[in-house]
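Results of the structural survey
Each chain, written out:
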Amino acid sequence: MEELEKFKTQIAMCNICAWCRAKCPVYGITKWESEGPRGRMILLRGVVYGLLEPTPDVVEKIYECTSCAMCNINCDAEISPLDVMLGARRAFSKAGVAPPSPNKKMDSRIVRDKNPYGASQKERFQWLNDPLPERSDNVLFVGCVNAFRHPETMKRAVSILRAAGYEFTVLKDEVCCGMHPYWDGQTELAKQLAERNAALFDKAGASTIVTPCAGCYSTFLRSYPELVGNFGFKIRHLSEVIRDIAKEGGIELRREGTVKVTYHDPCHLGRHCNFYDPPRELIKLIPGVELAEMEKSRAEANCCGGGGGLFTLKPELSVRIAEKRVREAEATGAKYLVTVCPLCRTNLDLASKRLESQLRVCDVVDLVASRLKTAGGE
Amino acid sequence: MLGRDDICRFLASVVGEDDVSVNVADLYAYSMDASMRMSMPVAVARPENREEVAEILKWADENRVPICPRGAGTSLSGQAVPVKGAVVLDMCKMDKIKEIDLEDRVAVVEPGVIYDDLNRELGKLGYVFPPDPGSAIACTVGGMVANNASGIRALKYGATVDHVLGLEVVLPGGEIIKVGGRVWKSSSGLNLTKLFVGSEGALGIFTEIILKITPKPRHHGLTIPVFQKLEQALETTVEIMRRGILPSAMELIDDICIMIINNVLEEKLPMGEALLFIENDGYSKVTVEEESRVVRKICEENGAQKIIYTTDAGRIEELMRLRHTLANMLSKLRGENIPLNNVQDFAVPIGSIPEAVRELKAVAQSHGRLMAIFGHIGDGNIHIGTAINPWREEDRKAGAEFARKLADIVVKKYGGTLSAEHGLGVTKASLVELEHGDTLEYMRAIKRVFDPHGIMNPGVMGLLEVPRDEFVYMPTRVVA
Ligand SMILES: Cc1cc2nc3c(=O)[nH]c(=O)nc-3n(C[C@H](O)[C@H](O)[C@H](O)COP(=O)(O)OP(=O)(O)OC[C@H]3O[C@@H](n4cnc5c(N)ncnc54)[C@H](O)[C@@H]3O)c2cc1C
Ligand code: SF4
Ligand code: SF4
């Protein structure tokens, strides 16, 4: 359990105080001690000192986490429970006792199909009709969730970029960024995917990677340097690129009455990458759109429940977390709940429908496209 | 004796299958509280109302199944460690604020309400439940009542006991009783309400709590004097109290704590052998400023080298939060060791603070022991941070010896107490006779009245037996 041993001091220094538990989205729903960060630290304390076997029950608890990083920012003892849990997931995976079977199945699909949906790679860019150059400085990395689940949004993204004359290409052979296996502790698989994408970026002559997905963004920015060593590309989120375009007059946005929207900070952009302002600035550039913040936003933003493999392991729990976030969004009186992560969007949308909420969930791309003078959208 | 399957089946028949667990991961997660002591429960159940609690306690009493009530498990003295294979009753589902009544000036809550959540709601109305423990973000009102918790602002506003007006309690056997009520005062009969406060889950389970609420003070002044000598800070404390000032908080932070804070946080505190955080509050700005002025004068007279003073509410909150987080930052001091819990929470009479601290420090020095001193010094509460290696027999022996020496000084010489606010739990049970002597028998007699079969939280306070030392419930290997 080498990967866990590395964290032995951190585990021992945990005060079992429960400060981190207070804001954990999973604990907030289930209220089982073992399903919050403090409980997980207690379990790992047992494992690391050889007092507790990593039985399937124990392992599963370590995976019942959205990787939202709320616990990391709420520990005054400077312990990062999430990092410890990732170490444990890696150790358990190496020892062959993890990930739990739904996650393992998902990872196997990624090995087979290069995406988590069991779809053929040919379908990845079926929605893309526009001719794009073979090589470009800027590569739009679409990511699996957007490519297979939100192709309309991606079409709109491409229209916006093209309307602005932004020069870019895509990787026709793009494979899953590896986020899912990375957080499952399947580091070898994540590494293989990372190496494959890194080679494709090189081949495309890219210097900048633009992605519409919070998960891909944080994987490139935070995980790839660890997985592939020297990963020297500039990483930009699509919302940042469109904000710059809109600011510089590259696209013209029209007023369509007035509408109130609220913005959900994806954990993997916010707490993981300290990326808060560009989507907000973009929203504020749209005439007639008023941004109302939720009670918990930016570093304090509550999680959508979709990350860390939780949606794969416990979909019901994942959506219940999203329902809480939808309720917070409703409290702002907004008509739209805007986000910049397709996974958050999917989960929040599911929750909103289940709650029969009036709130409409969309990507910022959809909002911009709907106000674009030259293209239609949502 | 009932087997695990029978226990599980019964609990599920009361609270439903989803709220019972015998899964090894759950049992292990509930085997500890913040004291880091451990004992595996036989099962965990989560009742939702008083009837479910009553049904479980009736059955438990009949079948002699030990029960460990649990709030948030933040006890620092091992009050929520389920010894003797107890069933843990996690009160998290009983977390409703039932009523806030400004005319009666009371809040009626279920025990699982988190302290901060209650104060958030009270705050909207301009009120507060003031004890303010360091664990405010996580601990439950039920746990606070069972422990008689207090904290930074207890100096002026009192401990939990000063705010509990009434309780609904389920007793072993399943009887539901109500003690106290909504009245602010009563001289009618023996005060059973106060008896239950601080009972560490050893007498019964609270299912409803009626609290007196306090209007939030509108003005604050925070004075932070820096002293070259720890003794100057302690003398200042005594002098402030002697002159009739009653700050809302008076906290001591010694040089080790200052170094830890400065190492961890961006906020840098001025260095000295000690700092005091003295907060004055009130409903009129003039009074707060006048009291703060006197406080500053006393600090100067006692040799404060530098004094920081602010009335900015945001800044005061930041600085007080910093004091709140100190207890957690102390893990920097212990590393992989564990805290020596039974010396963590002494209190001595206010006038004896300087002398007592001097003596405790001298013992630490003679034992070659690194020791941080901080705490709610205004009411004589001295927190001591020191650690032992739990895996080394000689370390444990030395720790036990050290603790006994300090306890002797605090209790015998100064008439102090082993615990100002963390309770005795299982970690201080070995020292209980030292403080309570013959009166321990009266406590045991009371325990027998309410809990004749000794099913309620066995192990705490030495009410059933006095353990040989504080290390009886150390982590052990668990077989799934
Ligand atoms: C970082 C940190 C700082 C702290 N600072 C302070 C402080 O400043 N002041 C202070 O006083 N304490 C402090 N504590 C200790 C602890 O937080 C408090 O004692 C708190 O009151 C415990 O509440 P809990 O909900 O966690 O209870 P638990 O730890 O779960 O239980 C405490 C006791 O209450 C009993 N209990 C719980 N619920 C019920 C119920 N419904 N009916 C009957 N019995 C019940 C349990 O059996 C146990 O005996 C601190 C702890 C930590 C970790
Ligand atoms: S990880 Fe930090 S906040 Fe969480 S229980 Fe441990 S010390 Fe407390
Ligand atoms: S990362 Fe988020 S979900 Fe996971 S334990 Fe921490 S707070 Fe809970």
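Residues numbered from 1 in each chain as written. Chains lettered and ligands numbered in written order. Predicted model: local features only at pLDDT ≥ 70, side-chain atom pairs only at ≥ 80, totals over all residues. Heavy atoms only, no water.

**Side note on the overall build of chain B**
Stated precisely, the cut-off is as follows: Helix and strand assignments come from DSSP, with helices taken as H or I runs of at least 4 residues and strands as E runs of at least 2, each series counted from the N terminus. To get the radius of gyration, use the C-alpha atoms; to get the globule rule, take the number of residues to the power 0.38 and multiply by 2.2 Å. Any two residues having at least one pair of non-hydrogen atoms within 4.5 Å are treated as being in contact. Note that accessible areas follow from Shrake-Rupley with a 1.4 Å probe, and for residues the cover is restricted to the protein chains shown.
Looking only at helices and strands, chain B features 16 helices and 20 strands. The C-alpha radius of gyration of chain B comes to 22 Å, within 12% of the 23 Å expected for a compact globule of 480 residues. Dimensions of chain B along its principal axes, counting C-alpha atoms only, are 70 × 60 × 45 Å. If you take every contact in chain B between residues at least 6 apart in sequence, the share linking residues at least 24 apart comes to 72%. Carbon and sulfur atoms make up 50% of the accessible area of chain B, which amounts to about 18300 Å² in all.

**Structural notes on the pattern of salt bridges**
Convention followed: A pairing counts as a salt bridge when a side-chain nitrogen of Lys or Arg comes within 4 Å of a carboxyl oxygen of Asp or Glu. Burial status follows relative accessibility: with a 1.4 Å probe on protein chains alone, a residue under 20% of its type maximum counts as buried, one over 50% as exposed, and anything between as partly exposed.
For the coordinates displayed, the defined rule picks out 71 salt bridges over all chains. Measuring nitrogen to oxygen at the nearest pair gives 3.4 Å for the salt bridge that ties Lys94 of chain A to Glu3 of chain A. Note that Lys94 of chain A is positioned in helix H7 (residues 81-94) and Glu3 of chain A in helix H1 (residues 2-5), a separation of 91 residues in sequence. A relative accessible area of 65% places Lys94 of chain A in the exposed class. The class for Glu3 of chain A is buried, based on a relative accessible area of 14%. Here Glu60 of chain A ties to Lys314 of chain A by a salt bridge, and the two come within 3.2 Å at their closest N and O atoms. Of the two residues, Glu60 of chain A sits in helix H5 (residues 56-63) while Lys314 of chain A sits in the loop between helix H17 (310-313) and helix H18 (315-330), which places them 254 residues apart along the sequence. Given the relative accessible area of 28%, Lys314 of chain A is considered partly exposed. Here the salt bridges do not stand alone but share partners, grouping Glu239, Arg242, Arg243, Lys297 and Glu301 of chain B into one network.

**Comments concerning the site of ligand 1**
The condition is simple: Whether a residue is near a molecule or strand depends on its heavy atoms: if one lies within 4 Å, it is near. What qualifies as a polar contact is a pair of N or O atoms within 3.5 Å, subject to a donor-acceptor requirement within protein and to the restriction that residues adjacent in sequence count only when both atoms come from side chains. Three residue categories are used. Nonpolar comprises Ala, Val, Leu, Ile, Met, Phe, Trp, Tyr, Cys and Pro, charged comprises Asp, Glu, Lys and Arg, and polar comprises the others, including Gly.
Taken together, the neighbourhood of ligand 1 is formed by 38 residues, with Pro69, Thr74, Ser135, Asn147 and Ser150 of chain B sitting nearest. At the site occupied by ligand 1, the surrounding residues belong to chains A and B. In the environment of ligand 1, an oxygen atom lies 2.6 Å from a nitrogen or oxygen atom belonging to the backbone of Pro69 of chain B. Protein coverage of the free-state accessible area of ligand 1, which is 970 Å², stands at 98%. Breaking the shell around ligand 1 down by element, the ones donating at least two residues are strand S3 (67-70), helix H5 (141-147) and strand S10 (205-212) of chain B. If one sorts the elements of the shell around ligand 1 by residue count, H5 of chain B sits on top with 5 residues. Of the residues that constitute the shell around ligand 1, the class distribution is 16 nonpolar, 19 polar and 3 charged.

**Here we look at helix H16 (residues 439-450) of chain B**
Residues and elements named next belong to chain B. Let me state the cut-off plainly: By this rule the span expected of a helix is its residue count minus one, scaled by 1.5 Å. The directions considered for the arc run from the helix axis to the C-beta atoms.
Over its 12 residues, H16 extends 17 Å from the first C-alpha to the last, a length consistent with the 16 Å expected when each residue adds 1.5 Å. All of the buried residues along H16 are Leu440, Arg444, Lys447 and Phe450. The arc that holds every buried residue of H16, seen down its axis, measures 125°, which confines them to one face. In this structure, H16 carries Tyr442 and Val449 as exposed residues pointing more than 90 degrees from its buried face. Packing partners of the buried residues in H16 comprise helix H7 (192-196) and helix H15 (432-436).

**Things to note about the domain arrangement of chain B**
Residues and elements named next belong to chain B. Our working definition: Boundary definitions for the domains trace back to an automatic or database domain assignment. Note on definitions: buried area is the accessible-area loss of two parts on being combined, 1.4 Å probe, summed for both.
Once the domains are mapped, chain B shows domain 1 (94-215) and domain 2 (219-329). Taking only C-alpha atoms into account, the centre of domain 1 sits 29 Å from that of domain 2. The interface of domain 1 with domain 2 comprises 10 residues on the first partner and 13 residues on the second. The three residues of domain 1 that bury the most area against domain 2 are Ile152, Leu155 and Lys156, which together make up 60% of that side's buried surface. Linking domain 1 with domain 2 are 2 salt bridges, by the criterion used here. Close ionic contact of Glu279 with Arg153 constitutes a salt bridge, the shortest N to O distance being 2.7 Å.

**Topic: the sheet that holds strand S3 (residues 208-211) of chain A**
Residue and element names in this part refer to chain A. Put simply, the rule is: Should DSSP find at least two bridges between two strands, the strands are taken to pair.
In space, the 4 strands of this open sheet follow the order S2-S1-S3-S4, with parallel pairing throughout. Because the sheet does not close on itself, it has two edges, and the strands there are strand S2 (169-170) and strand S4 (234-237). Note that S3 and S4 share 4 bridges and pair parallel. Each residue of the ladder has a partner; that of Thr211, found in S4, is His237.

**Notes on the packing of helix H14 (residues 238-247) of chain A against helix H16 (residues 277-285) of chain A**
All names here are of chain A. Worth spelling out the cut-off: Every angle, taken between N-to-C directions, lies between 0 and 180 degrees, and every axis is a line fitted to C-alpha atoms, over only the stretch in contact when it is a helix. For a crossing to be left-handed, the near helix must be turned anticlockwise from the far one by less than a right angle; the clockwise case is right-handed.
One can describe the packing of H14 onto H16 by two numbers: an axis separation of 8 Å at closest approach and a directional angle of 35°. Where H14 crosses over H16, the handedness of that crossing is left-handed. Only Pro278, Pro279, Glu281, Leu282 and Leu285 of H16 make contact with H14, whose side of the interface consists of Ser239, Glu240, Ile242, Arg243, Ala246 and Lys247. When its residues are assigned to classes, the contact of H14 with H16 shows 6 nonpolar, 1 polar and 4 charged.

**Considerations on the domain arrangement of chain A**
Residue and element names in this part refer to chain A. Here the domain parsing of chain A yields domain 1 (2-98), domain 2 (102-243) and domain 3 (252-370). Inter-centroid distance (C-alpha atoms) of domain 1 to domain 3 is 28 Å. Taken together, the contacts link 18 residues of domain 1 with 19 residues of domain 3. Among the residues of domain 1 in contact with domain 3, Ile29, Thr66 and Met70 are the three that bury the most area, contributing 33% of the side total. At the boundary of domain 1 and domain 3, one finds 9 residue pairs in polar contact (both at pLDDT 80 or more). Looking at the side of domain 1 that touches domain 3, the elements that each hand over two or more residues are helix H3 (25-30), H5, helix H6 (70-73) and H7.

**So, the site of ligand 3**
All names here are of chain A. Taken together, 14 residues are adjacent to ligand 3, and Cys24, Cys65, Cys68, Ala69 and Cys71 come closest. For the shell around ligand 3, the elements supplying multiple residues, two or more each, are H3, helix H4 (37-48), H6 and H7. Of the residues belonging to the shell around ligand 3, the class tally is 11 nonpolar, 2 polar and 1 charged.

**Things to note about the side chain of Glu251 of chain B**
Residues and elements named next belong to chain B. Tracing the backbone through its elements, the reader meets Glu251 in strand S13 (residues 249-254). Side chain to side chain, Glu251 and Arg323 meet in a polar contact 2.6 Å long. Within polar-contact distance, the side chain of Glu251 engages the side chain of His376 at 2.7 Å. With residues near it in sequence (within four places) discarded, Glu251 still touches Ile152, Leu275, Leu276, Phe277, Arg323, Gly375, His376 and Ile377.

**A few points about the interface of chain B and chain A**
Each partner contributes to the interface: chain B provides 46 residues, whereas chain A provides 37 residues. Buried area between chain B and chain A, both sides added, is near 3500 Å², and the carbon and sulfur share of it is 56%. In this structure, the connection of chain B to chain A is made through 6 salt bridges. The closest approach of N and O atoms between Glu53 of chain A and Arg477 of chain B, which form a salt bridge, is 2.9 Å. Linking chain B with chain A are 20 residue pairs in polar contact (both at pLDDT 80 or more), by the criterion used here. At the level of elements, strand S1 (20-21), helix H2 (24-29), helix H11 (313-329) and helix H12 (331-334) of chain B are the ones that each hand at least two residues to the side of chain B that touches chain A. Ranked by the residues each element gives to the side of chain B that touches chain A, the list is headed by H11 of chain B, at 6 residues. Here the residues of the side of chain B that touches chain A are counted per class, giving 21 nonpolar, 12 polar and 13 charged.

**Observations regarding the sheet that holds strand S6 (residues 106-109) of chain B**
Residues and elements named next belong to chain B. On the basis of which strands lie adjacent, the open sheet formed by 5 strands has the order S5-S6-S10-S8-S9 and antiparallel pairing. Two strands in the sheet have a free side with no partner beyond their single neighbour: strand S5 (97-101) and strand S9 (176-180). Ignoring which end each strand starts from, the neighbouring axes of this sheet average 10° apart. The strands that helix H4 (residues 115-124) touches are S5, S6 and S10; relative to S5, the one it contacts most, it runs at about 35°.

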